[in-house]
Amino acid sequence: MQVDETTVRRIARLARIKITDEEARGLEQELSGILDWVEQLGEVDTSAVEPMTRVVPIGLKKRRDEVTDGGIADDIIGNAPMTDDHFFVVPKVVE
Amino acid sequence: MTDLTRLTLAEAREGLKAKSFTAKELTQAFLDAIEAANPDLNAYVVTTADRALAQAAESDRRIARGEARPLEGLALGIKDLFCTRGVHSQACSHVLDGFEPPYESTVTGNLWDAGAVMLGKLNMDEFAMGSSNETSYYGPVTSPWRRKDGSNAQLVPGGSSGGSAAAVAADLCLAATATDTGGSIRQPAALTGTVGIKPTYGRCSRWGIIAFASSLDQAGPLAKSVRDAAILLRAMASHDPKDSTSVDAPVPDYETEPGRSIKGLRVGVPREYRLDGMAAEVEALWQQGIAWLKDAGASIHDISLPHTRYALPAYYIVAPAEASSNLARYDGVRYGLRVAGRGLIDTYESTRAAGFGKEVRRRILIGTYVLSAGYYDAYYLKAQKVRTLIKHDFDEAWDKVDLVLTPTTPSPAFAFGEKSGDPIAMYLEDIFTVTVNMAGLPGISIPGGLSGQGTPLGLQLIGRPFDEGTLFRAGQVIEDAAGRFPVPERWWTKD
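Fair warning: this is a prediction, and the values are worked out from it, not measured in the lab.

Conventions used here
Residues numbered from 1 in each chain as written. Chains lettered and ligands numbered in written order. Predicted model: local features only at pLDDT ≥ 70, side-chain atom pairs only at ≥ 80, totals over all residues. Heavy atoms only, no water. Helix = DSSP H or I, 4+ residues; strand = E, 2+ residues; numbered from the N terminus. Rg over C-alpha atoms; globule rule 2.2 N^0.38 Å. Buried < 20%, exposed > 50% of the residue type's maximum accessible area, 1.4 Å probe, protein only. Areas by Shrake-Rupley, 256 points an atom, 1.4 Å probe, with all protein chains shown as cover. Lys, Arg positive; Asp, Glu negative; His and termini not counted. Charge placed at Lys NZ, Arg CZ, Asp CG, Glu CD. Axes fitted to C-alpha atoms, helices over the stretch in contact; angles between N-to-C directions. Parallel < 35°, antiparallel > 145°, perpendicular 65-115°, else oblique. Left-handed = near helix turned anticlockwise from the far one by under 90°. Contact = heavy atoms within 4.5 Å. Nonpolar A, V, L, I, M, F, W, Y, C, P; charged D, E, K, R; others polar. 1 Å grid on protein atoms, 1.4 Å probe; cavity = no way out; pocket = protein on both sides within 12 Å on 5 of 7 lines; lining within 4 Å. Points joined across faces, edges and corners; volume = space filled by probe spheres on them. Domains from an automatic or database assignment. Core = buried A, V, L, I, M, F, W, Y, C linked by side-chain atoms within 4.5 Å. Salt bridge = Lys/Arg side-chain N within 4 Å of Asp/Glu carboxyl O. Phe/Tyr/Trp six-rings, centres within 6.5 Å; stacked < 30°, edge-to-face > 60°. Lys NZ or Arg CZ within 6 Å of the ring centre and 35° of its normal. Buried area = accessible area lost by both parts, 1.4 Å probe. Polar contact = N/O pair within 3.5 Å; in protein donor to acceptor, adjacent residues only side chain to side chain. Expected span 1.5 Å × (residues − 1).

(A) Geometry of the overall build of chain B. Looking only at helices and strands, chain B features 15 helices and 11 strands. For 495 residues, the compact-globule estimate of 2.2 N^0.38 gives 23 Å, and chain B sits close to it at 21 Å. The C-alpha extent of chain B, read off along each of the three principal axes, is 65 × 55 × 50 Å. Expressed as a percentage of its 495 residues, the buried residues of chain B come to 66%. Per element, the accessible surface of chain B, about 15700 Å² overall, is 50% carbon and sulfur. Here chain B holds 51 positive side-chain charges and 58 negative ones, and the gap between their average locations is 2 Å.

Right, here's the structure in full:
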């Protein structure tokens, strides 16, 4: 699978990672190499195989729908780079 | 006084019980050793001396009152992937700069409840992505082992739990916590002459462990002996309502297993693990391991795990896919680094470009690609189907054998830079370990011998789900036959 520069840029945009022109060219080669290597899975006939969803056969657990904590706004914003009162501050998104 | 740092966890526990030394003396011995060694080895990214000495003082009071808990006063190192309240927890990434969680991971909480002492946080590959500890934002960890050719080339300790393995091997803690997504406990254990076990998926809670690939991640101990690993795993494991994949089953007393007979145990030797170009000394060690288990009364069986060769490529779809999703949370808004940009999207993109290292960015991009519109079925779904087949191979094998013996790695420790230019060469480090994560099984690495260069090699035992006990039992047989492998020379204290 050959990944071209346009695809690398589209993927980087989806992943929200800024890349330089030089990085984009390097990544074309690297991603193509890795995707070529995983192509070998095509040899395996999986037409009658279910995809794995969990390795240990246990049912999904349920719990009561109730509030178990709260009142910890100071903790929640404690590590944020920019806050105002109990809000996270981000650059303006609506004009 | 004898050098307390050379003790095993079990020996230190006995010494504290017999009041041969205090928890404070033991902790101070490790803090001194870390101060002397860390400039050379870089195993710790932060030490928590004040807290360690306070915990040790509390342990001494409890021991005096006869109220010692299972790990009372025992000094441990904690991988930086575990969230520890108010203490550096960054997965050794720049993107989590300054992050000090206001909560404690379940596994570390279990350890403090059991009386253990925290010496500090251990270096690792960034977000646990790597097999050589070269991707850490805090710089690589140097293995305490050196080749005997006199070149003094700096060797890697393996990864991603490279700081944990180096700290245990260099006597900078009694034992350490680690995590394993594709081999990150067992491969560094093999490369440093230490014992590491990845338990069955679900045995240890993942709550509070910074996520890499959620369907594969599992915590476990790195230790100096099989018995020490058994002691520590028992304390780490628990059922946790905060992790819906944690298993609601009692934790056995693993320490009763080492020393029990393996007479009649059926050991499988999978023919697909015999690779072209595998180092002759690795093959020789494997044969030696077979002979040791046979001498102890086990029977040896040739088995086939036909989908083995597809485990690594499937892993390099599943793990990056899950990582790209898990790492989406690092956006420069709620914690860690923020690089201001023109507007919100530019801030996200600038923060993530500056905050993630090269290997992490590479894996996020691979993961984003395989999950992107039109490719999901061809990559992720295909890989999860192959995973079903890998697990099925093991399910068939368990009809014939009780455990499986393989080498842990295809070669001994390599030097810095030897593999870092080629992602796939580095990924091949995990070729014998990754199947175990894909199938959710327990696997242990035990030192088996030394390479021609005088560096450690490991043997891996793979067990049935939740049969860690048999791994400890058979692991002890290997340890008894092979002996333990302390680092021959503390070169870092002589500079």
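Let us keep going from here.
(B) Looking closely at the packing of helix α9 (residues 311-326) of chain B against helix α12 (residues 377-397) of chain B. All names here are of chain B. At a minimum axis distance of 9 Å, the contact between α9 and α12 shows a crossing angle of 130°. Classed by the angle they form, the pair α9 and α12 counts as oblique. The handedness of the crossing between α9 and α12 is left-handed. Two secondary-structure elements touch here, α9 through A311, A314, I317, V318, A321 and E322 and α12 through Y379, Y380, A383, Q384, V386, R387 and I390. Residues of the contact of α9 with α12, tallied by class, amount to 10 nonpolar, 1 polar and 2 charged.

(C) Focus on empty space enclosed by the protein. Residue and element names in this part refer to chain B. Applying the stated criterion across every chain yields a total of 2 cavities of 30 Å³ or more. Of the pockets and cavities examined, the largest cavity occupies roughly 70 Å³. If you go around the largest cavity, you meet 13 residues; those closest to its centre are A128, G130, S184, Y315 and D430. Along the lines of polarity and charge, the residues of the lining of the largest cavity split into 4 nonpolar, 7 polar and 2 charged. Both domains that furnish three or more residues to the lining of the largest cavity are identified here as domain 1 (4-258) and domain 2 (309-384). Quantified by volume, the second largest cavity comes out at close to 30 Å³. Residue lining of the second largest cavity: Y273, L305, H307, T308, I390, D393, F394 and T435, and that is the complete set. A per-element tally of the lining of the second largest cavity places α12 first, with 3 residues.

(D) Structural view of the nonpolar core. Residues and elements named next belong to chain B. L111, F127, L172, L293 and L461 are the most contacted members of the largest nonpolar core, which has 172 residues in total. Ranked by residue count, the leading element in this core is α9, at 10 residues. Split by domain, the residues of this core number at least three in each of domain 1 (4-258) and domain 2 (309-384). Contacts of L172, omitting those with residues within four sequence positions, involve F30, A33, I34, A37, L41, A43, Y44, L119 and A167. With 8 residues, the next largest nonpolar core counts L155, V156, A415 and M426 among its residues.

(E) Structural context of the pattern of salt bridges. All names here are of chain B. Summed over all chains, the structure comprises 36 salt bridges over all chains. R362 is the salt-bridge partner of E359, the closest N and O atoms lying 2.3 Å from each other. Taken together, the residues E359 and R362, both in helix α11 (residues 358-371) and 3 residues apart, mark about one turn of the helix. Residue K391 pairs with D395 through a salt bridge whose shortest N-O separation is 3.5 Å.

(F) Broad picture of the packing of aromatic side chains. Residue and element names in this part refer to chain B. This model, assessed by the stated rule, comprises 19 aromatic pairs over all chains. Taken together, a centroid distance of 5.4 Å and an interplanar angle of 80° make the contact between Y137 and Y138 edge-to-face. A ring pair is formed by Y376 and Y380, whose centres lie 5.6 Å apart and whose planes are at 35°; its orientation type is tilted. Judged by its relative accessible area of 13%, Y380 falls in the buried class. Among the aromatic residues, ring-to-ring pairing joins F99, F127, Y330, Y335 and F356 into one connected group. When the ring centre of W112 is taken as reference, the NZ or CZ atom of R51 above it lies at 5.3 Å. A cation over an aromatic ring shows up here: K242 above the ring of W207, its NZ or CZ 3.9 Å from the ring centre.

(G) Just the domain arrangement of chain B, in detail. All names here are of chain B. One can read the domain layout of chain B as domain 1 (4-258) and domain 2 (309-384). Contacts between domain 1 and domain 2 engage 20 residues on the former and 20 residues on the latter. When domain 1 packs against domain 2, the two sides together hide about 1700 Å² of surface, and 66% of this comes from carbon and sulfur. Summed over the three residues of domain 1 that lose the most area to domain 2, namely V95, M129 and F212, the buried surface amounts to 36% of that side. Inspection of the domain 1/domain 2 interface yields 0 salt bridges.

(H) Spotlight on the interface of chain A and chain B. If you look at the interface, chain A gives 46 residues, while chain B gives 67 residues. For the pair chain A and chain B, the two sides together bury roughly 5100 Å², of which 69% comes from carbon and sulfur. At the boundary of chain A and chain B, one finds 6 salt bridges. For the salt bridge of R309(B) with E43(A), the shortest nitrogen-to-oxygen distance reads 3.4 Å. On inspection of chain A and its partner chain B, the count reaches 21 residue pairs in polar contact (both at pLDDT 80 or more). Mapped onto the side of chain A that touches chain B, the elements with two or more residues apiece are α1 (5-14) and α2 (21-38) of chain A. Residue classes in the side of chain A that touches chain B are distributed as 28 nonpolar, 6 polar and 12 charged.

(I) Local environment of helix α15 (residues 468-482) of chain B. All names here are of chain B. The end-to-end C-alpha distance of α15 is 21 Å, a good match for the 21 Å that 15 residues give at a rise of 1.5 Å each. Counting buried positions over the 15 residues of α15 gives 12, a clear majority of the element. Of all the positions in α15, only E468, G469, T470, L471, F472, R473, A474, G475, Q476, V477, I478 and E479 are classed as buried. Just downstream of α15 lies G483, where phi reads positive at about 85°.

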